[in-house]
Amino acid sequence: ALLGAPRDSFRGPEQVAQQKGVRRLPSLDPEVLSVFVPPFVSREDSQMAGANCTLLSKTRRRSLRKKREKPKPEPRGLPGGPREPDSEDVSIPNGVDLLALPQLCFPGGVCVASEPKEDCVHFLVLTDVCGNRTYGVVAQYYRPLHDEYCFYNGKAHWESSRLSVGAAGCFVPFAVCVVSRFPYYNALKDCLSCLLTHLKLCKDFEVDNHIKDFAAKLSLIPSPPPGPLHLIFNMKPLQIVFPSRADPESLVIDLDLHLPLLCFRPEKVLQILTCLLTEQRIVFFSSNWALLTLVAECFMAYLHPLQWQHTFVPILSGQMLDFVMAPTSFLMGCHLDHFAEVSKEADGLILINIDNGSITYSSDEDIDVPDIPLLAAQTFIQRVQSLQLHYELALAHLGSSTDLNEGRDCRRAWQQTLNRQIQQITLQLLVSIFREVKNHLNYEHRVFNSEEFLKTRAPGDQQFYKQVLETYMFHSFLKARLSRRMDAFAQMDLNTQSEEDRISGMLVSPRRPTIEKMASRKSSALHGAHRRMVVSMPNLQDIATPEVPPRNASLRKVEAADWGSSSTVLKVTPKTTYTFKIPEIHFPLVSQCVQAYYSDCVSLLSKAMGCLAPENSALLARYFYLRGLVHLMQGQLLDALLDFQSLYKTDVRIFPADLVKRTVESMSAPERAQAEGTPELRRLISEVMDKAREAPKADDRVKHFELPKQHMQLGDFVRRVQESGIVKDISTIHRLFEALTVGQQKQIDPETFKDFYNCWKETEAEAQEVILPSSVMEHLDKNECVYKLSSSVKTNWGVGKIAMTQKRLFLLTEGRPGYVEISTFRNIEEVRSTTVAFLVLRIPTLKIKMASKKEVFEANLKTECDLWHLMVKEMWAGKKLADDHKDPQYVQQALTHVLLMDAVVGTLQSTGAIYAASKLSYFDKLKNEMPMAVPKTTSETLKHKINPSAGETCPQAIGVLLYTPGHLDPAEKVEDAHPKLWCALNEGKVTVFDASSWTIHQHCFKVGTSRLNCMVMAEQNQVWVGSEDSVIYIINIHSMSCSKQLTDHRTSVTGLVVRDGTEAPREVYSCSVDGTVLAWNVSTLRVTSSFQLPSGGLSSIRLHDGRLWCCTGNSIMVVSVNGFLRQELKIDESLGEISTSFLGFQLLPEREQLWAACAGYDKICIWSLKDLAAPPERIHLHDCSEVTCMIRVKTQIWVGGTGLSQGKSKGKIYVIDAERKTVEKELVAHTDTVQTLCSAEDRYVLSGSGREEGKIAIWKVE
């Protein structure tokens, strides 16, 4: 839009200007003079079809009728409108109010000047009624006004008229405003700067044509897709860069994020962030209009991924000042001239002066703005002070650049690095503030326990959190957490997790401070003031209170040693970025030239794609995206869909599903038929159209935990307990229900639940208060926690309190506090509750006999005796089970039982309370009822057990296991170099363990929603997963995200195999249940060959000696890689059985043998590869009822299934020596069937169980 004062209003100022001695010229009312809206080439001119152009615009254009009382020049360059000269309709993008635009483009009014002024730029943010934002960049420039050179007469131009007009001294401002859906502030500022050089030299009547030409060029530039590709455009004399957002969740950052750090001290920045987080009514002031928007937008970027939900108007003109009287939260900006007026007229405002870096309040009494949590604030200040904020310092050692664009590129690269550092610092600030919110969420029922969260905050931070928890911003943040959105916050949280957090992620025991945390808390200088401070960030415990630094601290680079670990934020991994230069656009208002430009774009993109290294799929995806857009603009819908189909395979995260849907809907019947005639496109179209219909509304409720008000049956009680965060496991809650309803009707009243809940939480709070002397802590492991303390009791080893950790019992002696170890749970031999005579009384006493000590420990526990007796026995039983089954989870479960017992006794406080609590001694009963030891062979071979369902409400079956070896990639984190175990659970969930420590590396993420059937490591950084929904999902090992999908199969994908060998490119063969086998080029992700087996039921494939061995149930077929049948082993001919089928097979080529398992058989059958027709040898599996899986490890075959052990059905593994063909070991693996087996470098075998147990066992290979 071109804006300025109407032509007929210039006569007055001109006359005033000619009067001598007049210093100030009058101000005029601005209005829109011309509007230029794409498309600029009409449908009649070209067959590129305006209809296709509208596909790219999500918003419909609307028409705004100009006010009749103010006649204005006819709008120019308007497409498709009526041609009558008196037309008053202006077609404009939705959300842009032409009535308000003049005031925003001239917020200080149209001031005629007596001498020429410099061009100036400022920025707008325009919001529509739905909250959608558009962005404006405004350039103001002055042109001379004189009789001889009146507006639109075009007799002379700016340069020649400057001197002659000086006498008259009348210069009129005009503004050019570019409105975009994206905040390309720097890029559009550069574009407008280039435009102004032309406008100053052109004649008046040429202005509109220049602007229209400029607008048409801009409208032809596509916005870059998220990712590493930036677009470069030559707008002489400057090269303009349009940056992309880092990923689909990120913001477009095209401004200098360090501006607020130059205007405010770090402490003030934190104050402003607090005002935003607590949603105050905020007004920025500056004498520089441009700074108002830029600084406000920087603060919006600092908050990301949290979003400001309220009114956002960074520039208010003089006529809009009454907006600051609004009663709701807002962020607005005013000129500094209005500071006194706003301060006086409006109450309850936060007034922020950008020019002098001050923050004040508009009312006499201070507004209650709390401080940001202390530890997070200190760390933020230290990190900001370590930033290099001045480009001149980075430039000091370099020679002067002799090329304008080269110098600009250098500056841009420095700015991008600084921007990333600042984003990292502000994101870490948010993570440190909100990291522990996740500990108080219940994902299943979408509940946040705000009261409990607040109780864990330090007293000095309570006010901050109370205010933040009430905001819309925090509510949206909660929605994202409860939906497990893997946004920037979640990613940073994961990346900065301490090892303790990582390990505790696997344990489901109640939260207690570890000895390590207790020690750090004790030594902290802040501990006196904050006894219950919860440290929100790892590795920050040793930060001392920093002295207030000098103001120029930002000028010096602080060494890492100065701040310890806090400066690690500055080690930002440099991201590789690429640029694509958009071809020149000549005469953008001529349809042939526009078509030539599109053709140039397509050929340049195709050429760039041809030069790409195969592994650079990220860049290839961006090229597909751009070429698809250009084809769409050309009206070549089929080519566009083919590009989008390739994009869907290459990076599904940036696939424009809505755009493709609208493209398909706009196709004519013949075009649609032609598209659906291509198999790939038919699949894409059905995928896009069906998904749009099926997409259920996401559940985005957030419930705050409330105590129940009605009686609860079992089902409701389970839900309430899960919501409270006490325990999630359903079977444990069932036992708790039994305990609380002993001897009464099977329902729980609200009062009982409230008592139980309060009892549990009080115990938890007391545990946070426990402070052990240093002399005691040095005897304990750093990850031990004190879970229970008795009252002070007399024992035969002195007077004191008995303390229970997850590992031991010890006596905390009184008087001079000391440590006396009673016993570790592993060392206990017997626990008894008895009574000891004292005068005429009999005092209840607990006796504990240890295996390594002769002396029996006795404690006169009085009323606590029975409860401690129950608790110690349960922990003892849990430890024994944990040792027998090599599964630490048993100890964690025993701890939960023990603490629930304690809460039950505290709740009921009746004679039957101990009997009720005994309902929770699950492991003790198990030990007494089934004293059967784990078989010796099993115990010797079993190394460890892990639980991928930890933290879930019930166990989940292990569908597939895959081990991937570690490798060192210098560009990635050290943890990424560790070997990993990939575990597929139900409904498309995948959990990843660090196989060097067997800790969780990545909690559940989802690939689709169906069962996963197979996994394979296709490349060093790719895991391919075959799903029941017929899709192959490709997971990036480093980012732990699925960005690629292969959709060429029509039915469930059942097998994946990688062709080994050094030749490049690598190949993967995939098969589906309908008999289809596809060969994939791993680099290009294209199908290189395919064939169909005549019989269906294809369940797995193997590759040997250049041939594919395919298991189809009824037969095992040997085919060439082209699909020609070479051999076939039919089950009915070989075994004479019609009712059975092949479950799986293994090849032993060096022995020329094929080993196979059959459904319903308790035998393994072995065929000779020389003669498949010969009858097979058979190996009988003792006590086996069903075989489910088999793998080869060294010279052994490991067979998993179900069998009898000590009269009960168990998951069993049979280890068969392939040479002797005998069963070497019979391992009792799981309580449930063995679902899957996988080998880890032939050193370990991992077995996954069914849904009854849901655990993974790790076995040693000999």
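The name given to the protein in an unreviewed UniProt entry is DENN domain-containing protein 3, with the source organism recorded as Ceratotherium simum simum.

S.K.: Describe in detail the packing of helix H28 (residues 730-740) against helix H32 (residues 889-908), supporting the description with residues and values.
M.R.: Following both chains from N to C, one finds H28 and H32 inclined at 25°, their axes separated by 11 Å at the closest point. On the basis of their axis angle, the class for H28 and H32 is roughly parallel. H32 is crossed by H28, and the crossing has right-handed handedness. Facing Thr 732, Arg 735, Leu 736, Ala 739 and Leu 740 of H28, the residues of H32 in contact are Thr 896, His 897, Leu 900, Val 904 and Leu 908. Partitioning the contact of H28 with H32 into residue classes produces six nonpolar, three polar and one charged.

S.K.: Pulling in residues and values, what's your account of the packing of aromatic side chains?
M.R.: This model, assessed by the stated rule, comprises 30 aromatic pairs. Measuring from ring centre to ring centre gives 5.7 Å for Phe 474 and Phe 477, while their planes differ by 35°; the resulting arrangement is tilted. Pair noted here: Phe 474 and Phe 477 are both in helix H16 (residues 472-482), with a separation of three residues, about one helical turn. Assessed through its relative accessible area of 1%, Phe 474 is described here as buried. Judged by relative accessible area, which is 4%, Phe 477 ranks as buried.

S.K.: I'd like a rundown of the sheet that holds strand E18 (residues 447-448), residues and numbers included.
M.R.: Spatial ordering of the open sheet is given by E17-E18-E20, a layout of three strands whose pairing is mixed. Edge strands, defined here as strands with exactly one partner in the open sheet, are strand E17 (441-442) and strand E20 (703-704). Relative to E20, E18 runs parallel, the two sharing two bridges. Its bridge partner lying in E20, Val 447 is registered against Lys 703.

S.K.: How would you summarise the environment of Ala 1240 if you had to cite specific residues and measurements?
M.R.: Structurally, the position occupied by Ala 1240 is in strand E53 (residues 1234-1240). When its relative accessible area of 4% is taken as the criterion, Ala 1240 is described as buried. Ignoring anything within four residues of it in the chain, the contact list for Ala 1240 reads Tyr 963 and Leu 1246.

S.K.: Before we move on, could you go through H16 and cite the residues and values that matter?
M.R.: Every buried residue of H16 is accounted for by Met 473, Phe 474, Phe 477, Leu 478, Ala 480, Arg 481 and Leu 482. Just beyond H16, the residue with positive phi is Arg 484, at close to 55°.

S.K.: Residue-level account of the side chain of Ser 450, with values.
M.R.: Among the structural elements, Ser 450 can be located in helix H14 (residues 450-455). Non-local contacts of Ser 450, meaning those with residues more than four positions away in its chain, are made with Leu 469 and His 704.

S.K.: So what about the sheet that holds strand E27 (residues 857-860)? Which residues, and what values?
M.R.: Working definition: the strands of a sheet are paired by backbone hydrogen bonds and lie parallel or antiparallel to each other. In spatial order, the strands read E24-E23-E22-E21-E27-E26-E25; together these seven strands make up an open sheet with antiparallel pairing. Two strands in the sheet have a free side with no partner beyond their single neighbour: strand E24 (818-824) and strand E25 (828-838). Going from strand to strand, the sheet's axes swing by 35° on average, the running direction of each strand aside. Pairing analysis gives five bridges linking strand E22 (residues 798-804) to strand E23 (residues 808-813), with the strands arranged antiparallel. Residue Lys 801 lies in a different strand from E23, and its bridge partner there is Leu 812. Each of strand E21 (788-795), E22, E23, E25 and strand E26 (841-850) touches helix H31 (residues 865-885); the most contacted strand, E25, lies at about 170° to it.

S.K.: Talk me through the pattern of salt bridges; I want residue IDs and the actual numbers.
M.R.: Note that side chains of opposite charge can pair when their charged atoms are close. Across all of its chains, the model carries 52 salt bridges by this definition. As a salt-bridge pair, Arg 435 and Asp 493 come within 2.5 Å of each other at their nearest N and O atoms. Remark: Asp 493 occurs in helix H17 (residues 488-495) and Arg 435 occurs in the loop between helix H13 (404-434) and E17; sequence separation between them is 58 residues. Each member of the pair, Arg 435 as well as Asp 493, is classed as buried. Between Lys 1170 and Glu 1152 there is a salt bridge, with the nearest N and O atoms lying 3.4 Å from each other. A residue pair is termed long-range when its members are at least 10 positions apart, and Lys 1170 in the loop between strand E47 (1163-1168) and strand E48 (1177-1180) and Glu 1152 in the loop between strand E45 (1142-1148) and strand E46 (1153-1158) qualify at 18 residues. What makes Glu 1152 partly exposed here is its relative accessible area of 35%. Each of Glu 452, Lys 455, Lys 761 and Glu 764 takes part in a single network of salt bridges with overlapping partners.

S.K.: I'd like a description of the pairing of strand E11 (residues 238-242), backed by residues and values.
M.R.: Most of E11 sits inside the fold, with four of its five residues counted as buried. Sheet topology note: the strand E10 (residues 229-235)/E11 ladder contains five bridges and is antiparallel. Looking across to E11, one finds that Asn 234 is bridged to Gln 239. Counting the residues in the hairpin turn of E10 and E11 gives two residues.

S.K.: Residues and numbers for the pairing of strand E49 (residues 1184-1193), please.
M.R.: Pairing of E49 with strand E50 (residues 1196-1205), which is carried by eight bridges, proceeds in the antiparallel orientation. Considered in E50, the bridge of Met 1190 is made with Val 1199. Connecting E49 to the next strand, E50, in antiparallel fashion are two residues, including Lys 1194 with a positive phi near 55°.

So, how was this worked out
Residues numbered from 1 in each chain as written. Predicted model: local features only at pLDDT ≥ 70, side-chain atom pairs only at ≥ 80, totals over all residues. Heavy atoms only, no water. Axes fitted to C-alpha atoms, helices over the stretch in contact; angles between N-to-C directions. Helix = DSSP H or I, 4+ residues; strand = E, 2+ residues; numbered from the N terminus. Parallel < 35°, antiparallel > 145°, perpendicular 65-115°, else oblique. Left-handed = near helix turned anticlockwise from the far one by under 90°. Contact = heavy atoms within 4.5 Å. Nonpolar A, V, L, I, M, F, W, Y, C, P; charged D, E, K, R; others polar. Phe/Tyr/Trp six-rings, centres within 6.5 Å; stacked < 30°, edge-to-face > 60°. Buried < 20%, exposed > 50% of the residue type's maximum accessible area, 1.4 Å probe, protein only. Pairing = 2+ DSSP bridges. Salt bridge = Lys/Arg side-chain N within 4 Å of Asp/Glu carboxyl O.

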